[in-house]
Amino acid sequence: PILGNEPEKLKVVRNPVKLFSIARGLGINCPRTEKASSPDEAVEIAENIGFPVVLKPMGGSGGFRIRLGRNSDEVKKNFSYVAGRTGEVWIQEYIRGIDASSSVLGNGHECVVVSVNEQLIGKKQLGVSTPFGYCGNIVPLKADPALINNIKSLSSRLGEKLGLMGSNGFDFVISQDNEIYLMEVNPRFQATLECVKYVTGLNLVREHIKACMGELPAEIPNPKGYAVKMIVFAKRRGIVPDLRELKHIFDVPHPGIIVNKGNPICTVQLLSQTRDEAIATALETVSEVYRRIKGLQ
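Calculation rules
Residues numbered from 1 in each chain as written. Predicted model: local features only at pLDDT ≥ 70, side-chain atom pairs only at ≥ 80, totals over all residues. Heavy atoms only, no water. Helix = DSSP H or I, 4+ residues; strand = E, 2+ residues; numbered from the N terminus. Rg over C-alpha atoms; globule rule 2.2 N^0.38 Å. Buried < 20%, exposed > 50% of the residue type's maximum accessible area, 1.4 Å probe, protein only. Contact = heavy atoms within 4.5 Å. Areas by Shrake-Rupley, 256 points an atom, 1.4 Å probe, with all protein chains shown as cover. Lys, Arg positive; Asp, Glu negative; His and termini not counted. Charge placed at Lys NZ, Arg CZ, Asp CG, Glu CD. Pairing = 2+ DSSP bridges. Axes fitted to C-alpha atoms, helices over the stretch in contact; angles between N-to-C directions. Core = buried A, V, L, I, M, F, W, Y, C linked by side-chain atoms within 4.5 Å. Parallel < 35°, antiparallel > 145°, perpendicular 65-115°, else oblique. Left-handed = near helix turned anticlockwise from the far one by under 90°. Nonpolar A, V, L, I, M, F, W, Y, C, P; charged D, E, K, R; others polar.

Enquirer: An account of the overall build of the protein chain is needed here, citing residue identities and associated values.
Expert: Within the protein chain, the regular secondary structure consists of 8 helices and 15 strands. Against the compact-globule benchmark of 19 Å for 297 residues, the protein chain has a radius of gyration of 20 Å, which places it among compact chains. Taking the principal axes of its C-alpha atoms as reference, the protein chain extends roughly 55 × 50 × 40 Å. A buried classification covers 49% of the 297 residues belonging to the protein chain. Here the analysis covers contacts within the protein chain between residues at least 6 apart in sequence; of these, 65% occur between residues at least 24 apart. Surface summary for the protein chain: the accessible area is close to 14,700 Å², and the carbon and sulfur share equals 49%. If the 37 positive side-chain charges of the protein chain are averaged to one point and the 31 negative ones to another, these points end up 6 Å apart.

Enquirer: Go over the sheet that holds strand E5 (residues 97–107), please, and point to the residues and values.
Expert: Strand order across the open sheet formed by 8 strands is E9-E8-E5-E6-E7-E10-E14-E12, with antiparallel pairing between neighbours. This sheet does not close on itself; its edge strands, each paired only once, are strand E9 (180–186) and strand E12 (249–250). Contacting E5, strand E6 (111–121), strand E8 (165–175) and E9, helix H5 (residues 145–162) runs over the sheet at an angle of about 120° to E6. Sheet contacts for helix H6 (residues 193–200): E6, strand E7 (134–139), strand E10 (226–233), E12 and strand E14 (264–272); angle to E10, the most-contacted strand, approximately 155°.

Enquirer: Give me the nonpolar core: which residues, what numbers.
Expert: The biggest cluster of nonpolar side chains holds 30 residues, and the ones touching the most others in it are Met-230, Val-232, Leu-243, Ile-265, Val-268 and Val-289. For this core, the secondary-structure elements that each account for two or more residues are E6, E7, E10, E14 and helix H8 (275–292). Apart from residues no more than four positions distant in its own chain, Ile-265 is found in contact with Val-232, Phe-233, Ala-234, Val-240, Leu-243, Asp-251, Pro-253, Val-259, Val-289, Tyr-290 and Ile-293. Core analysis: the second largest hydrophobic core is formed by 25 residues, Ala-100, Ile-151, Leu-154 and Leu-162 among them.

Enquirer: Any chance you could break down the packing of helix H2 (residues 16–25) against H5 for me, citing the residues and the numbers?
Expert: The packing of two helices is summarised by the inter-axis angle and the distance between the axes. Where H2 meets H5, the axes come as close as 10 Å, and the angle between the chain directions of the two elements is 120°. Considering their axes alone, H2 and H5 lie oblique with respect to each other. H2 and H5 meet at a crossing whose hand is right-handed. Across the interface between the two elements, Leu-19, Ile-22 and Ala-23 from H2 touch Leu-158, Lys-161 and Leu-162 from H5. Its residues assigned to classes, the contact of H2 with H5 comprises 5 nonpolar, no polar and 1 charged.

If you want it as structure tokens, here you go:
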């Protein structure tokens, strides 16, 4: 059987206008978002929303085709690249703050939040080529407990309103004045899947199947430590050696493969007792990966 959300549900969840309308009905903050079908229309919408704005493609792309428009010229310049073959883009209010997410299990009627996470977006030390490119996670998010509980409440209420099935992810930005803004809902497994397993022991694939059959976890284990996932991107063209002997390395490429600047090389994942220790250990491994790559002209 195919287990998860029905196609009609996906059409609602992946349409920002429809999704944000439902979310606002629950009192959830959302960035102003409108569709533009031409560069001139994009500029008009951006001026109405107020600069800077974010130009987003009609379909998801891990943040790699998202561009910032700080003025009319940048909006016009970036429109065609972001629009691609669709000829349309979403023009969205830019919310500055902390990138966060939640992992949610739903049975179509009820939802439980498995974890609230920190997202790593556009981190230059990981070689990501764009300011909005996804490059990893830290699980759980380290923040005020009241804020965490608020994110959990928003996620479960919205998930129940949408009637979501199985494992789903909610992306948020926590603004500089601690307001929580919903950015999107991913009605699928999330990239935090392994990190959630590290800190809670829950196998989200198994829990997804059970949730689609109507069974949700009676209790979510408290996080034990901090799990870090960092996707390592090439900072220059080079040859990747055999990385299998390094600890904490996943998604290992074949030895001798050539990567171009901006290509993903591998993933670093690990669990430590503290957030600082987890980040430091992961970055040490990332540095070692870069050190071993032989550069090419």
